[in-house]
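One letter stands for each residue in the lines below.
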Amino acid sequence: MKKLLAVLLLPGLFLLYSCDTLSTEGLTDEEVVAGLKEALEVGSTNSTSKASAPDGFNGNPRIRIPFPEEVSVVQNLVGAIPGGNTAIDLFVEKLNRTAEDASDEALPIFVDAISNMTIQDGMNILLGHDSAATEFLRVNTYDDLKTTYKPDIENSLNRVGAQNAWTSVIDIYNGIPLTNPVNPDLADYTTGKALDGLFTLVSDEEKLIRDNPSARITDLLQKVFAEQD
């Protein structure tokens, strides 16, 4: 990329960029940002599509949602009982089906954040670290995603049978002498893990676009990222 012209102003430490610096291959600043928006839209679309596909979570060990860590005592005790592991495995599968079921709800929120990207946001992403775009989305969408996602997760827990699967596990657990009742917030737990998984996939897509020219599916993407190669 063309050499960055910077002037450090004390005490504010403001970094000023010249117009030539912020452009690549004759593109204007606005065109550069438009290309970055395209990259984020492609990455977000691909990520939500992968997450919502059958086995998008359940079949991906990098984002598969595990048994809730805060009640691991339940997993340990129930797993030691005949038939217990089968109940646990079914519950974990249903948790992941819940995340898959709700994942397509994230795309409109991603798209809204992308549409509001400023030129400065774009430059920070273009000149930033390899996951700068993912971090932009996380900062600008996480709260909205969680607010929107949790009710969908709550509905999905019932729709895909995760709540019933959890009840089966707890019934086994409660039949064990001297155990203390547990009742984790499954919707909150699943929402957090589902969002972590989504952003992992978004990060993968960002890295692919940055590193692999064949992933830059439009002319504008190719031009914007060409000088990073």
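What counts as what
- Residues numbered from 1 in each chain as written.
- Predicted model: local features only at pLDDT ≥ 70, side-chain atom pairs only at ≥ 80, totals over all residues.
- Heavy atoms only, no water.
- pLDDT = per-residue confidence, 0-100.
- Helix = DSSP H or I, 4+ residues; strand = E, 2+ residues; numbered from the N terminus.
- Polar contact = N/O pair within 3.5 Å; in protein donor to acceptor, adjacent residues only side chain to side chain.
- Contact = heavy atoms within 4.5 Å.
- Salt bridge = Lys/Arg side-chain N within 4 Å of Asp/Glu carboxyl O.
- Buried < 20%, exposed > 50% of the residue type's maximum accessible area, 1.4 Å probe, protein only.
- Phe/Tyr/Trp six-rings, centres within 6.5 Å; stacked < 30°, edge-to-face > 60°.

## Some thoughts on the confidence of the model for the chain
Line of reasoning, step 1. In this model, the chain carries a mean pLDDT of 81, and residues with pLDDT of at least 70 account for 82%.
Line of reasoning, step 2. Of all secondary-structure elements in the chain, the lowest mean pLDDT belongs to strand β1 (residues 8–9), at 22, while helix α4 (residues 84–102) reaches the highest, 94.

## Regarding the side chain of Thr48
Line of reasoning, step 1. Topologically, Thr48 is positioned in helix α2 (residues 29–52).
Line of reasoning, step 2. Among the polar contacts listed, one links the side chain of Thr48 to the backbone oxygen of Thr45, at a separation of 3.2 Å.
Line of reasoning, step 3. In this structure, Thr48 is in contact with Ser103, Ala106, Leu107, Phe110 and Leu198, ignoring residues within four places of it in sequence.

## Digging into the environment of Ile88
Line of reasoning, step 1. Following the sequence through the fold, Ile88 ends up in helix α4.
Line of reasoning, step 2. Considering only alpha carbons, one finds Ile88 and Val74, 14 residues apart in sequence, at a separation of 9.4 Å.
Line of reasoning, step 3. For Ile88, the contacting residues outside a window of four places in its chain are Phe67, Gln75, Val78, Gly79 and Val169.

## Let's talk about the pattern of salt bridges
Line of reasoning, step 1. Under the definition given, this model contains 10 salt bridges.
Line of reasoning, step 2. A salt bridge links Arg62 to Asp204; the shortest N-O distance between them is 2.5 Å. Taken together, the residues span a long stretch of sequence, with Arg62 in the loop between α2 and α3 (72–79) and Asp204 in helix α9 (residues 186–211) at a distance of 142 residues.
Line of reasoning, step 3. With its nearest N and O atoms 3.8 Å apart, the salt bridge here joins Asp188 to Lys150. Here the residue Asp188 occupies a position in helix α9, and Lys150 occupies one in helix α7 (residues 132–159), the gap between them amounting to 38 residues.
Line of reasoning, step 4. According to the relative accessible area criterion, Asp188 is partly exposed, its value standing at 32%.

## Considerations on the packing of aromatic side chains
Line of reasoning, step 1. On inspection of all chains with the given rule, the structure shows 5 aromatic pairs.
Line of reasoning, step 2. Both rings, one in Phe110 and one in Phe199, keep their centres 5.8 Å apart while their planes meet at 70°; by these two values the pair is edge-to-face. Taken as a pair, Phe110 in helix α5 (residues 106–115) and Phe199 in helix α9 lie far apart in primary sequence, 89 residues in all. Across the pair, exposure class does not vary: Phe110 and Phe199 are buried alike.
Line of reasoning, step 3. Consider the rings of Tyr142 and Phe199, whose centres lie 6.3 Å apart with planes at 25°: the pair is stacked. Of this pair, Tyr142 sits in helix α7 while Phe199 sits in helix α9; the two residues are 57 residues apart in sequence, bridging distant segments of the chain.
Line of reasoning, step 4. Here Tyr142 falls in the partly exposed class, since its relative accessible area comes to 21%.

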